[in-house]
Amino acid sequence: TGKYTGSLSTSNPRVLRIAPEQLLATESYEFQCFVALTSNPDNNNTASVVVDVAQQPITAQIGGGKERASGTDQALVLDASVSVDPDDMSDKWSYEWSCVDKTDGTTCTDTTGGDLEIQPNNTNVVARVPAGMLYEGTYEFSVFVKKGADRNDTASTTVVITAGAPPVVSIGTLSEDKYNPIADSYVQLVGSATSSGPIVSTEWTQVATSTTGAFVLGSDARLTGVVQVAALTAGVTYTFKLTATDVFGESGYSTVEVVVNEAPSSGSLAIVPSNGYVFDTDFTFLSSNWVDEDLPLSYKFVYTVGYEGSWTPVADAQASASYDALLPQGLVEDNYTLTGMTVVYDYYDSYSSATDTTRVLPVKYSTAQLANISAALTTEALELGDPEASMQIMGATHKSLSGGSSDERRKLTSSSEEAALRSALLETLQDTYAMSDITQANVDSMMSTLDGIVNAPNDLTTATAMDSLLFAQKLLVVSVDNEIGISATGTGYTGTALSKLLLSSMFNASDVTSVTSVSAENVTETLRYLSMAQLDGAYAGIGYTVSSSLIHSSSTREEAQYLGGDSKGVPGSNAKVSFPSNFSHAAKLKVSGTTYVDTRVVTLGTDIYTAYDGYGSTVASNMYGSSTYNTDLNSAVTQVEVMDEDGNVFDVGGLDPAEPIYVTMQATEPIDTNFSGWKMEKICYTDGQVLEIDCPLGKQTYTCDSSLGGVDGTYFLDFTCPGVVPTCMWWSEDEGEWANEGCSVVNYTSTNVTCGCTHLTDFVLGKNVSTASFDISFTSAPTSLPTPVPTSLPTTSLPTPAPTSQPSSTPTPGPS
């Protein structure tokens, strides 16, 4: 009831999530929940809750920065229109400006000696002081803002007046009151600068402090700087200064303050009981005694099998400080220990954590019994509308299926019962997804479950493997569509799950149910969405990585104007891509210089090239199918894409071969660079003589031709044997095979090859055999003319004034 106009439908029937700005301040709402048994709808009840929505404080703000420089010859303009009402109430704003001379604390006076007048008046949203009305000095301007009867706030800015007309520098207001010093936390400082002449340089610096690595590399020399909050100290307020210098050598500046949040502290976690059994014991997580000034607090509970590793959420963050969960069995090598963690967030999402351990012992079940228990428990959980419990049960199931061992090597035999159970778990996961809210924690949980389902590739049918890949893609698509991004935990599970799927029968060309080309396209699309999820909300200069057994990737965001001459590498590999200096223009991106452009560089490990049969041995194919080129692949497949923020891939091609894109790839097998071993010397004595040459790759023959020799037909033969050399190849969608036109070897070492390419796509190194070659030489016959006449002077230099060396004390050896 009330003025609520939002949706009452929800994926999770037990939870109604109300989006921000759906409830109006000062209004009262009553929500009612009807609950009934699905097996007996007549057995039902209702409950209701009343929500009173209070007003939030307004925030006064003056645009431009905390402190700024202005000149005696410039008009000063101060703007308070950036003040914020988070409730967006219809009440009118009111403003009252004032000024204090900071040298003596008195009210500001103008150059005529009278009180400074703010134009058009001191109650306007914008305050203006005409040029020439202030002497050189330091002044503090304040604005008192009011909205309605009870809400008001004050903001101030310092203005330093200098002689003349320095560049006018302004910094945009920040989006948050506080920032968290955690990984992947950034604050964007948006600056601007104008002057009567061109601006020739800009520089961001810290005032009073100097923190190494505070700025994202290169951004401190741009108008827009990006600060890595993880480099800052919690509880400290930092001042950052933007200085701009014009062509006349005049400089102006502005500053901004960044408040670094402190995380909750002093709390602990207890898990009870201290030991129990999988499927039989409910474990309670109890988080207590946490302290923070920014309330309310929320709590998320996660676990890892053993003492360290990837964390799996048992539920999304919630207001309750306790939670009951079903946990999977531990590992026998860790005495069946699980480590639980509570992650406690304050109002601004700064967080701290605490851990505790418990032991979860196994219960011995056959595969059929495990399947029946899992199906019964997950069915009950979903009927009760409890997707979190369903995911906990699936987690316990796939850990039991692994037998309580950390060894996840590919098994050489597969079980039809295990394959059926993994297929059933995937179906249950899809049903659980349909009932789950799309949050980062839930995506983490589902990716963790998917990783467990696919952790034995030989126990996956081709259909299950393909459906698993599409499900991973679906999770990433909804993460992008709902703008929630993906956590480092979710990214890790995605990378390991995809690595395992690359070893599945999807890429088995000997299996008639395998469609390798379609699966390859799905892998590429899935990795593209992973990149988009990682970069959700990222600023220019920010990058993220993925590192798993077969997949390594780097995703970075940059302004188009800075792509030229830039290089992007990949973790765990020497692979990288380097763009020519004129890339944005040459590639015809057709975007403004300040437009965000994302670059995705991925290597797919060498095992991906070869499909696997059911026993782990290789067959003659690769992830895309066979190639008509008679060559072996000798590197990871390297995917390179440039796309906009929405994931639309730019069609980069037709670049000038003189200014190509350089793609460096790491060879799987060392390349022979001992070229001296390819050189052989022979002598041809007679016409038609056949020489046998013992080359490293096998015998070669050469038939002598006396017409190529000297007077007597003999000549020296410098023979270069055929050798294995690298080739640069790219995947042709049109031809459905690896091609090499438009991509050539620039240089190579025994481990790395750099290719110059005129377009972007998937690249790989091939092997080829060079053609044998030879050079000939011979002693020329005597000429009929004499040799040059002697010179008129001696050919040696004049004698030295002293002996060239001291005689030795002993005789020199005699001739042998």
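Residues numbered from 1 in each chain as written. Predicted model: local features only at pLDDT ≥ 70, side-chain atom pairs only at ≥ 80, totals over all residues. Heavy atoms only, no water.

**Q** Please give an account of the confidence of the model for the chain that cites residues and values.
**A** Predicted coordinates in regions of low pLDDT should not be interpreted in detail. Confidence in the prediction of the chain, expressed as mean pLDDT, is 89, and 89% of residues score 70 or more. Taken as a whole, residues 607–630 scores under 50 in pLDDT and shows 75 contacts with residues more than four places along the chain or in a different chain. Note that residues 795–816 has pLDDT below 50 and, in this model, zero contacts with residues that lie over four places away or in other chains. (pLDDT = per-residue confidence, 0-100. Contact = heavy atoms within 4.5 Å.)

**Q** For the side chain of T754, give the residues involved together with the corresponding values.
**A** Counting through the fold element by element, T754 comes out in strand β38 (residues 752–757). In this structure the side chain of T754 is engaged in a polar contact, spanning 3.0 Å, whose partner is the side chain of T664. The contacts of T754, once residues within four sequence positions are left out, are Y662, V663, T664, S744, V745, V746 and N747. (Helix = DSSP H or I, 4+ residues; strand = E, 2+ residues; numbered from the N terminus. Polar contact = N/O pair within 3.5 Å; in protein donor to acceptor, adjacent residues only side chain to side chain.)

**Q** For helix α5 (residues 462–481), give the residues involved together with the corresponding values.
**A** It helps to recall that an α-helix has 3.6 residues per turn; residues three or four apart then point in one direction. The end-to-end C-alpha distance of α5 is 29 Å, a good match for the 28 Å that 20 residues give at a rise of 1.5 Å each. Extensive coverage of α5 is indicated by the burial of 14 of its 20 residues. Positive backbone phi, approximately 55°, marks E483, located one or two places after α5. (Expected span 1.5 Å × (residues − 1). Buried < 20%, exposed > 50% of the residue type's maximum accessible area, 1.4 Å probe, protein only.)

**Q** Could you give me a rundown of the sheet that holds strand β31 (residues 679–684), with the residues and numbers involved?
**A** The strand order across the open sheet built from three strands is β31-β34-β40, with neighbouring strands paired in antiparallel fashion. Edge positions in the sheet fall to β31 and β40 (773–777), since each of these pairs with one other strand and no more. Geometrically, the sheet is characterised by an average inter-axis angle of 25° between neighbouring strands, direction not taken into account. Here six bridges tie β31 to strand β34 (residues 715–720), and the two strands are oriented antiparallel to one another. Within the sheet, the bridge partner assigned to C684 lies in β34 and is Y715. (Pairing = 2+ DSSP bridges. Axes fitted to C-alpha atoms, helices over the stretch in contact; angles between N-to-C directions.)

**Q** Tell me about the sheet that holds strand β39 (residues 762–769), and name the residues and values.
**A** Taken in spatial order, the seven strands make up an open sheet running β24-β25-β28-β29-β39-β35-β36, and their pairing is antiparallel. Of all the strands in the sheet, the pair left with one neighbour each is β24 (543–547) and β36 (737–739). Recorded for the sheet is a direction-independent mean angle of 25° between the axes of neighbouring strands.

**Q** Describe the environment of S448, with residues and values.
**A** Relative to the elements of secondary structure, S448 occurs in helix α4 (residues 440–453). Under the relative-accessibility criterion, S448 is labelled buried at 8%. Once the C-alpha coordinates of S448 and T494 are considered, the two residues, 46 residues apart in sequence, prove to be 8.0 Å apart. Each residue touching S448, except ones within four places of it in the same chain, is listed here: T312, H398 and Y493.

**Q** Got a sec to walk through the packing of aromatic side chains? Specific residues and values, please.
**A** Where two aromatic rings form a pair, the distance of their centres and the angle of their planes describe that pair. Applying the stated criterion across every chain, the model contains 16 aromatic pairs. For the ring pair F579 and F583, a centre distance of 4.4 Å and an interplane angle of 40° mean the geometry is tilted. For the pair F579 and F583, a shared accessibility class is recorded, and that class is buried. Summarising the aromatic geometry, the rings of F675 and Y748 are spaced 6.4 Å apart at their centres and angled 85° between planes, so their arrangement reads as edge-to-face. Of this pair, F675 sits in the loop between β30 (661–666) and β31 while Y748 sits in strand β37 (residues 743–748), placing them 73 residues apart in sequence. Taking the relative accessible area as the measure of exposure, F675 reaches 39% and is therefore partly exposed. You can call Y748 partly exposed: its relative accessible area is 24%. Through a chain of ring-to-ring contacts, three or more aromatic side chains come together here, namely W204, F215, Y238 and F240. (Phe/Tyr/Trp six-rings, centres within 6.5 Å; stacked < 30°, edge-to-face > 60°.)

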